[in-house]
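# Structure at a glance
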There are 2 protein chains.
Amino acid sequence: MPMSSSNRVPVPTLGRLATYLRVLTELEQAHTETVSSADVEQQTGINAAQFRKDLSYFGEFGKPGVGYSVARLQESIAAILKIDRRQPVVLVGAGNLGSALIGYPGLTEHQMDLVAVFDNNPQRIGCQVRNLYVQDIQRFATVNETLQARIAILAVPAGAAQRVAEVLVAADVRAILNFAPTLLRLPAAVVVRNVSFMQELAVLSYHVSSNEQEENGEEQAGEQNNSVRPILHST
Amino acid sequence: MPMSSSNRVPVPTLGRLATYLRVLTELEQAHTETVSSADVEQQTGINAAQFRKDLSYFGEFGKPGVGYSVARLQESIAAILKIDRRQPVVLVGAGNLGSALIGYPGLTEHQMDLVAVFDNNPQRIGCQVRNLYVQDIQRFATVNETLQARIAILAVPAGAAQRVAEVLVAADVRAILNFAPTLLRLPAAVVVRNVSFMQELAVLSYHVSSNEQEENGEEQAGEQNNSVRPILHST
DNA sequence: TGCTGTGAATTAGTTCACAGCG
DNA sequence: CGCTGTGAACTAATTCACAGCA
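Bear in mind that the values here come from a model prediction, so they are computed numbers and not experimental data. (Residues numbered from 1 in each chain as written. Chains lettered and ligands numbered in written order. Predicted model: local features only at pLDDT ≥ 70, side-chain atom pairs only at ≥ 80, totals over all residues. Heavy atoms only, no water.)

## Structural notes on the overall build of chain A
Note the threshold: Where helices and strands are cited, they refer to DSSP runs of H or I of at least four residues and of E of at least two residues respectively, numbered from the N terminus. Buried means the residue's accessible area, taken with a 1.4 Å probe over protein chains only, is under 20% of the maximum for its type, while exposed means over 50%, and partly exposed covers the values in between. When checking whether two residues touch, look at their non-hydrogen atoms; a contact exists if any pair is within 4.5 Å. Per-residue and other accessible areas follow the Shrake-Rupley method at a 1.4 Å probe size, with only the shown protein chains counted as cover for residues.
Along the backbone of chain A there are nine helices and ten strands. When the 235 residues of chain A are sorted by exposure, 51% land in the buried category. Here the contacts in chain A between residues at least 6 apart in sequence split such that 57% fall between residues at least 24 apart. Summed over all atoms, the accessible surface of chain A reaches about 11000 Å², with 49% contributed by carbon and sulfur.

Laid out in structure tokens, this is it:
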């Protein structure tokens, strides 16, 4: 069997790896030893060939005629995503959303160690949220010299996001999960993922009122829904 | 000038429309009357041709040599996304994340009226969160007969998500913003958008440790980053 | 036989490049 | 001119389809 790895990995593949990992954990808890790409399709709605192709960017993990060892594949994907060891992560912005994220169980499950929380609001600085005390963002550079966090979660208002992001980057943060609805202009070496509820709601809103006269009975499959009939213009 | 509209609209286009709307609101507040696709690119990182193409699915909104009327375009996009009038939205799951979402300003900005909150936890039922009282999910069908919400935000644990989603759909919900890390199997007519922090963190985690020896100095541009050099395999 | 791994084909989405209008 | 709107070219991502191994 040929070997692979070498071409560039599509970003959507990385997202799906996280999904596979989740399913593998579930299977492991159910004491399932082996899984096929067809099983994964059943559990995730992601096409079986897609699953195999996603893995093929990183190597060969299955046995023809058999499938994949749940435990082994789990380890492999964790290694690929670098979540086979704990990663220090910082949160900036201890408002509603930020505070909610501190308790998010997915963080720990993915070996993300939320090691510090920062804010610029004197009202919040010093407050305890879960097991952490909110620190002054001014101290970020100093504190992160010790923490060495490379991933940050940015949950500040849009108006502050750019400024704060620059502070983070100056203190060696290399990846930002940005919840602020604004474009961050940062050096290309910094990876930014934007989470926008607005965008998702826009998609829903558009579809809801468009769907007035739907009529097919298929089951919904996967992660991303595709294109859709349009609406009329104006002007 | 030719007319358009008629082909299917890519889903990413709908998400970007929400971004354009945000920028238009900012421009309006700055009393800017007119905007060009190049200006939009500057503000959003989204390619100017992309912006024009996105709009072209719905009609013609600009004047050659001039650009777009900020106020007019704002109205048009709001109409396309059906957020030109208030939409009732329900939230299910009053845990950390759910509670945080109740206060999310983006909801109101996008004319989403959060009209009710449900949970199944007796500890939470009856509690006040912001200006709403948490109701028993058992009463959902009855309550939604009056509310007529078609959009729901699902912020319950993964184990409960499928069951709850079916309750929602039975009560005529047609679009779900799903924060639970699990595949919802629902009739195809129901639109589901999954929000997965896990996936985003996976992408960040992968990149952080891969990026160890980067060296180009470009500015980061847009909404989605693209593919990336891979890592080694195992087995 | 039942599965994987993967080139090839397909489909989707983005960007270019330019005709044509104000 | 300076801009839009859009067909055409391109790039990315998904899915097919099948050779080949256990």
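## A word on the sheet that holds strand β8 (residues 151–154) of chain B
Residues and elements named next belong to chain B. Going by this rule: Each pair of strands is called paired provided DSSP finds at least two bridges between the two strands. The angle between two axes is taken between their N-to-C directions and runs from 0 to 180 degrees, where each axis is a line fitted to C-alpha atoms and a helix contributes only its stretch in contact.
Here seven strands make up an open sheet; going across it, the order is β6-β7-β5-β4-β8-β9-β10 and the pairing mixed. Across the chains shown, the open sheet's two edge strands, defined by having one partner strand only, are β6 (128–129) and β10 (191–194). Alignment of β8 against strand β9 (residues 175–178), held across four bridges, turns out to be parallel. For Ile151, the partnering residue across the bridge sits in β9 and is Ala175. Its contacts with the sheet put helix α8 (residues 158–170) on β4 (87–92), β8 and β9, and the angle it makes with β8 is roughly 165°.

## Quick notes on the pattern of salt bridges
Put simply, the test is: The salt bridge criterion pairs a side-chain nitrogen of Lys or Arg with a carboxyl oxygen of Asp or Glu, the two atoms within 4 Å.
The full count for this structure, using the stated rule, is ten salt bridges over all chains. Between Asp54 of chain A and Arg16 of chain A there is a salt bridge; the shortest N-O distance is 2.7 Å. Placement of the pair is Asp54 of chain A in helix α3 (residues 48–56) and Arg16 of chain A in helix α1 (residues 11–29), with a sequence separation of 38 residues. Comparing Asp54 of chain A with Arg16 of chain A, the two get one shared label, buried. A salt bridge links Asp119 of chain B to Arg124 of chain B; the nearest nitrogen and oxygen atoms lie 2.8 Å apart. Given a relative accessible area of 5%, Asp119 of chain B falls into the buried group. Arg124 of chain B gets classed as partly exposed once you look at its relative accessible area, which sits at 31%.

## Quick notes on unusual backbone geometry
Residues and elements named next belong to chain B. Positioned with a positive phi, Gln111 is a non-glycine residue whose angle comes to about 65°. Looking at the element boundaries, Gln111 is found in the loop between α6 (105–109) and β5 (112–119). One non-glycine residue, Arg130, lies in the positive phi region at around 50°. Here Arg130 is to be found in the loop between β6 and β7 (132–136). You can call Arg130 partly exposed: its relative accessible area is 41%.

## Some points on the domain arrangement of chain A
Put simply, the test is: For the domains described, the bounds stem from an automatic or database domain assignment.
The domain boundaries assigned to chain A delineate domain 1 (11–80) and domain 2 (87–197). Relative placement of domain 1 of chain A and domain 2 of chain A: their C-alpha centres are 31 Å apart.

## Focus on the confidence of the model for chain A
Residues and elements named next belong to chain A. For the record, the criterion: Within a predicted model, pLDDT stands for the predictor's per-residue confidence, ranging from 0 to 100.
Across chain A, the average pLDDT comes to 88, with 86% of residues at or above 70. Residue range residues 1–6 is modelled with pLDDT below 50. Its contacts to residues more than four positions away, or to other chains, number 13 contacts. Every residue in residues 229–235 is under pLDDT 50, and counting partners more than four places away or in other chains gives 25 contacts.

## A short note on the nonpolar core
As a reminder, the rule being used: Side-chain atoms within 4.5 Å are what join buried Ala, Val, Leu, Ile, Met, Phe, Trp, Tyr and Cys residues into a set we call a nonpolar core.
Grouped together as the largest cluster of nonpolar side chains are 112 residues, with contacts concentrated most on Phe197 of chain A together with Phe197 of chain B. When residues no more than four places from it in sequence are discounted, the contact partners of Phe197 of chain A are Leu97 and Phe179 of chain A together with Leu101, Tyr104, Phe179, Val195 and Phe197 of chain B. Listed in part, the 25 residues of the second largest apolar core include Ala165, Ala180, Leu186 and Val192 of chain A.

## Notes on α8 of chain B
Residue and element names in this part refer to chain B. Counted only if it meets this: A helix is expected to span 1.5 Å for every residue after the first.
Along its 13 residues, α8 runs 19 Å from first to last C-alpha, staying within 8% of the 18 Å computed at 1.5 Å per residue. Considering only its buried residues, α8 is in contact with β4, α7 (140–147), β8 and β9. A positive backbone phi angle near 80° is found at Asp172, which sits one or two residues after α8.

## Let's talk about the sheet that holds strand β6 (residues 128–129) of chain A
Residues and elements named next belong to chain A. The sheet built from seven strands is open, its strands ordered β6-β7-β5-β4-β8-β9-β10 with mixed pairing. A strand with exactly one partner marks an edge of an open sheet, and here the two such strands are β6 and β10 (191–194). One ladder, built from four bridges, connects strand β9 (residues 175–178) with β10; its direction is parallel. Among the inter-strand pairings, Leu177 is bridged to a residue of β10, identified as Arg193.

## Here we look at helix α4 (residues 70–80) of chain B
Helical geometry: 3.6 residues make up each α-helical turn, so side chains three or four residues apart lie on a common side. Along α4 of chain B, the residues that are buried comprise Val70, Leu73, Gln74, Ser76, Ile77, Ala78 and Ile80 of chain B. Where α4 of chain B ends, the next residue or the one after it, Lys82 of chain B, has phi of about 65°, a positive value.

## Some words on the packing of aromatic side chains
The test is simple: Centre distance within 6.5 Å is the pairing criterion for rings of Phe, Tyr and Trp, where only the six-membered ring of Trp is used; planes under 30 degrees apart are then read as stacked, over 60 as edge-to-face, and the remainder as tilted. Only when the NZ atom of a Lys or the CZ atom of an Arg is both within 6 Å of the ring centre and within 35 degrees of the ring normal do we say a charge sits over the ring.
With the rule as written, the count across this model stands at 14 aromatic pairs over all chains. Ring centres 5.4 Å apart and planes at 75° place the aromatic pair Phe179 of chain A and Phe197 of chain B in the edge-to-face group. With Phe179 of chain A in the loop between β9 and β10 and Phe197 of chain B in helix α9 (residues 197–210), this pair bridges two chains. An identical accessibility class is assigned to Phe179 of chain A and Phe197 of chain B; each is buried. An aromatic cluster of at least three residues, connected via ring pairs, comprises Tyr104, Phe179 and Phe197 of chain A together with Tyr104, Phe179 and Phe197 of chain B. The ring of Tyr206 of chain B carries Lys82 of chain A above its face, with NZ or CZ at 5.5 Å from the centroid.

## Thoughts on the pairing of β7 of chain B
All names here are of chain B. For β5 and β7, the ladder comprises three bridges, and the chain directions are parallel. Bridge pairing links Phe118 to Gln135 in β7. Pairing between β6 and β7: two bridges, direction antiparallel. Paired with Gln128 across the two strands is Tyr133, which belongs to β7. Linking β6 to β7, which pair antiparallel, is a turn of two residues; within it Arg130 sits at a positive phi near 50°.

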